[in-house]
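These are the residues of each chain, in order.
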Amino acid sequence: MSTRLAAALVSTRDSIVASWSHRFDRSGLRGPAASRATEHAALAGGLIESLAVAVSDGPEQLRPGAPALRDLEKATAFAGSTLAATGATGFEVAAVLLALRDAVLEHTDIELIRPIETLFEWLTVVALDAFASSGRRAAAERAAEQLEAGTPVLMITPEIPGVLLVGAPPEDVLDSILARALLLVVRVGAASLLIDVSGLADAAAAPMRASMERLFGQRRMAPVELVIVGAGSEILARWGDQAQSHGVTVRGFDRFDAALTHAFQRAGLNVIRRSS
């Protein structure tokens, strides 16, 4: 039975794709703004080819996690991720799989109908999981790009560079931001680098710890005092120990104005206080 289905999937592939296309375009799951079947026909064809290989190993292999399904599950996950990249909805993902199920059932012996239905229930879950995961990754990448571009790395005065960290930037974004700050330090020969971490979701998070460790290890940081705003005493103590091993000095302040006053004094600038 499974051998006959495998042969049918290979020999009538184009016919099955045509049947799938007809069913997909008429599916009530797609929504009014959904794409047409022609845009996803290559994905459907690839799934049919992978399914033909899977069913050739017998009906007992048509169960979630079976070794014979690995390539089919990978192809299904790829389809879900690809659909996410095209801007499709989860409804369209389900429509692709369920329309393909019905097209395949046209060529399925009665004894295999229930195993094939169960298999496509699992494949629909696999596709939707990959679709959701791909969407989360894309959202995280966009957020990281926005943080990298939008995080203020600036000259607070012509002598004092500063960084105002916000959110929860990943490690590579932190490395890029701190590298930009280090370039400012080198360009003006700054005596201090002011880093405000009060806007971070978690200043003690692993990405921040790793990026700060690399910043301390930069040769050009040795003569520079790192002025930290908004870090707790435990974090400051940890960073102080790390910095000391590289010959870098760390000073912590609770308030930005106090940190800036210290940086002014270290730069040999006059601090003008205005009375209210």
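The following paragraphs examine the structure supplied in this document.

About the cut-offs
Residues numbered from 1 in each chain as written. Predicted model: local features only at pLDDT ≥ 70, side-chain atom pairs only at ≥ 80, totals over all residues. Heavy atoms only, no water. Helix = DSSP H or I, 4+ residues; strand = E, 2+ residues; numbered from the N terminus. Rg over C-alpha atoms; globule rule 2.2 N^0.38 Å. Buried < 20%, exposed > 50% of the residue type's maximum accessible area, 1.4 Å probe, protein only. Contact = heavy atoms within 4.5 Å. Areas by Shrake-Rupley, 256 points an atom, 1.4 Å probe, with all protein chains shown as cover. Phe/Tyr/Trp six-rings, centres within 6.5 Å; stacked < 30°, edge-to-face > 60°. Lys NZ or Arg CZ within 6 Å of the ring centre and 35° of its normal. Axes fitted to C-alpha atoms, helices over the stretch in contact; angles between N-to-C directions. Parallel < 35°, antiparallel > 145°, perpendicular 65-115°, else oblique. Left-handed = near helix turned anticlockwise from the far one by under 90°. Nonpolar A, V, L, I, M, F, W, Y, C, P; charged D, E, K, R; others polar. Core = buried A, V, L, I, M, F, W, Y, C linked by side-chain atoms within 4.5 Å. Pairing = 2+ DSSP bridges. Right-handed = clockwise from strand over helix to strand, strands pointing away. Patch = residues over 30% accessible without salt bridge, like charges linked within 9 Å, V, L, I, M, F, W, Y side chains within 5 Å. Salt bridge = Lys/Arg side-chain N within 4 Å of Asp/Glu carboxyl O. Lys, Arg positive; Asp, Glu negative; His and termini not counted. Charge placed at Lys NZ, Arg CZ, Asp CG, Glu CD. Arc of directions from axis to C-beta.

## Here's the deal with the overall build of the chain
Across its full length, the chain holds ten helices and five strands. Against the globule reference of 19 Å for 276 residues, the chain gives a C-alpha radius of gyration of 29 Å, more extended than a compact globule. The principal-axis extent of the C-alpha atoms belonging to the chain is close to 90 × 40 × 30 Å. A total of 276 residues make up the chain; the buried ones form 43% of that total. Pairs at least 24 residues apart make up 73% of the contacts formed inside the chain by residues separated by at least 6 positions. With an accessible surface of roughly 14100 Å², the chain has 54% of that area assigned to carbon and sulfur atoms.

## Comments concerning the packing of aromatic side chains
Taken as a whole and judged by the stated rule, the model has one aromatic pair. Centre to centre, the rings of W20 and F24 are 5.4 Å apart; their planes meet at 20 degrees, and the pair counts as stacked. With a gap of four residues between them, W20 and F24 both fall in helix α2 (residues 13-25), about one helical turn apart. Per residue, the accessibility class of W20 equals that of F24, and both read buried. Note that R30 overlies the ring of F24, its terminal NZ or CZ placed 5.1 Å from the centroid.

## Details of the packing of helix α3 (residues 41-55) against helix α4 (residues 70-85)
One way to put it is that α3 packs onto α4 with a least axis distance of 8 Å and a crossing angle of 165 degrees. With respect to α4, the axis of α3 lies roughly antiparallel. Of the two possible hands of crossing, α3 and α4 adopt the one that is left-handed. Within the contact between the two elements, α3 uses L43, L47, S50, L51 and A54 and α4 uses D71, L72, A75, T76, F78, A79, T82 and L83. In terms of residue class, the contact of α3 with α4 is built from nine nonpolar, three polar and one charged.

## Side note on helix α10 (residues 256-266)
Inspection of α10 places A259, L260, T261, H262, A263 and F264 among the buried residues, and these make up the whole buried set. Buried residues along α10 sit in contact with β1 (153-157), β2 (160-167), β3 (192-200), β4 (225-229) and β5 (249-253). G268 sits one or two positions beyond α10 and adopts a positive phi of about 75 degrees.

## Regarding the nonpolar core
In this structure, L9, W20, V104 and I116 are the most contacted members of the largest nonpolar core, which totals 39 residues. Listed by contribution, the elements that provide at least two residues to this core are α1 (2-11), α2, α3, α4, α5 (90-105) and α6 (113-150). Per-element accounting of this core gives the leading share, nine residues, to α5. Excluding its chain neighbours within four sequence positions, the residues that come into contact with I116 are L5, V55, L62, V104, L105 and T108. L165, V224, I228 and A243 belong to the second largest nonpolar core, which has 34 residues in total.

## A short note on the pairing of β2
Across four bridges, β1 lies against β2 in antiparallel orientation. By the bridge assignment, L154 is partnered in β2 with G162. Here β2 pairs with β3 via five bridges, running parallel. Within β3, the position partnered with G167 by the bridge is L200. As for the winding sense of the linkage, the β-α-β connection from β2 through helix α7 (residues 171-188) to β3 is right-handed.

## What to know about a negative patch on the surface
A cluster of acidic residues, E141, E145, E148 and D172, forms a negative patch at the surface. Broken down by element, the residue count for the negative patch peaks at three residues, all from α6. With respect to the helices, strands and loops of the structure, E145 is situated in helix α6.

## Description of helix α8 (residues 206-216)
When α8 is considered as a whole, its buried residues turn out to be M208, S211, M212, L215 and F216. Viewed along the axis of α8, the buried residues span an arc of 140 degrees, placing them on a single side of the element. For α8, the secondary structure elements touched by its buried residues are β2, α7, β3, β4, α9 (233-245) and β5.

## A short note on the sheet that holds β2
Taken in spatial order, the five strands line up as β1-β2-β3-β4-β5 in an open sheet, and their pairing is mixed. Of all the strands in the sheet, just β1 and β5 have a single pairing partner and so form its edges. Pairwise comparison of adjacent strand axes, ignoring direction, gives a mean angle of 25 degrees for this sheet. Contacting β3, β4 and β5, α9 runs over the sheet at an angle of about 165 degrees to β5.

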